[in-house]
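# Notes for the structure review
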Amino acid sequence: MFEVLDGKALANLKSLKELNCHGDAYKEAAELLGLTALSERFERINREQLRLGSLTGRLQVERRAAYETLLDGARRLLSGEQYQRLYMCF
């Protein structure tokens, strides 16, 4: 386990969520955890959302699956306390 989620990183994730930029928050969290392929997946979903002008049903399902993968990765990589701090950002 490693410490990647300092106060500044957590504050930034919370800020993105509060701005309704959930996809960006998930992408950044994946980057912080070193989950490059997952970060790229969120980036692709975000680009498609922008192109279409909304988060379609298909994209919602895809993003939810990616989010679950993010949480699984976080559980594997972080201590219980670190995981809870990350989870509370979303």
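Structure first, text after, so check above.
Now for a quick tour of the structure. (Residues numbered from 1 in each chain as written. Predicted model: local features only at pLDDT ≥ 70, side-chain atom pairs only at ≥ 80, totals over all residues. Heavy atoms only, no water.)

What follows concerns the packing of aromatic side chains. Summed over the entire model, instances satisfying the criterion amount to five aromatic pairs. Aromatic pair Y67 and F90: ring centres 5.9 Å apart, planes at 80°, arrangement edge-to-face. Placement of Y67 in helix 4 (residues 57-77) and of F90 in the segment after helix 5 (80-87) is noted, with a sequence separation of 23 residues between them. Each member of the pair, Y67 together with F90, is buried. One aromatic cluster in this structure is built from Y26, F42, Y67 and F90. (Phe/Tyr/Trp six-rings, centres within 6.5 Å; stacked < 30°, edge-to-face > 60°. Helix = DSSP H or I, 4+ residues; strand = E, 2+ residues; numbered from the N terminus. Buried < 20%, exposed > 50% of the residue type's maximum accessible area, 1.4 Å probe, protein only.)

This brings us to the side chain of E62. Counting through the fold element by element, E62 comes out in helix 4. According to the relative accessible area criterion, E62 is buried, its value standing at 18%. Not counting the four nearest positions on each side in its chain, E62 is found in contact with R41, R44 and I45. (Contact = heavy atoms within 4.5 Å.)

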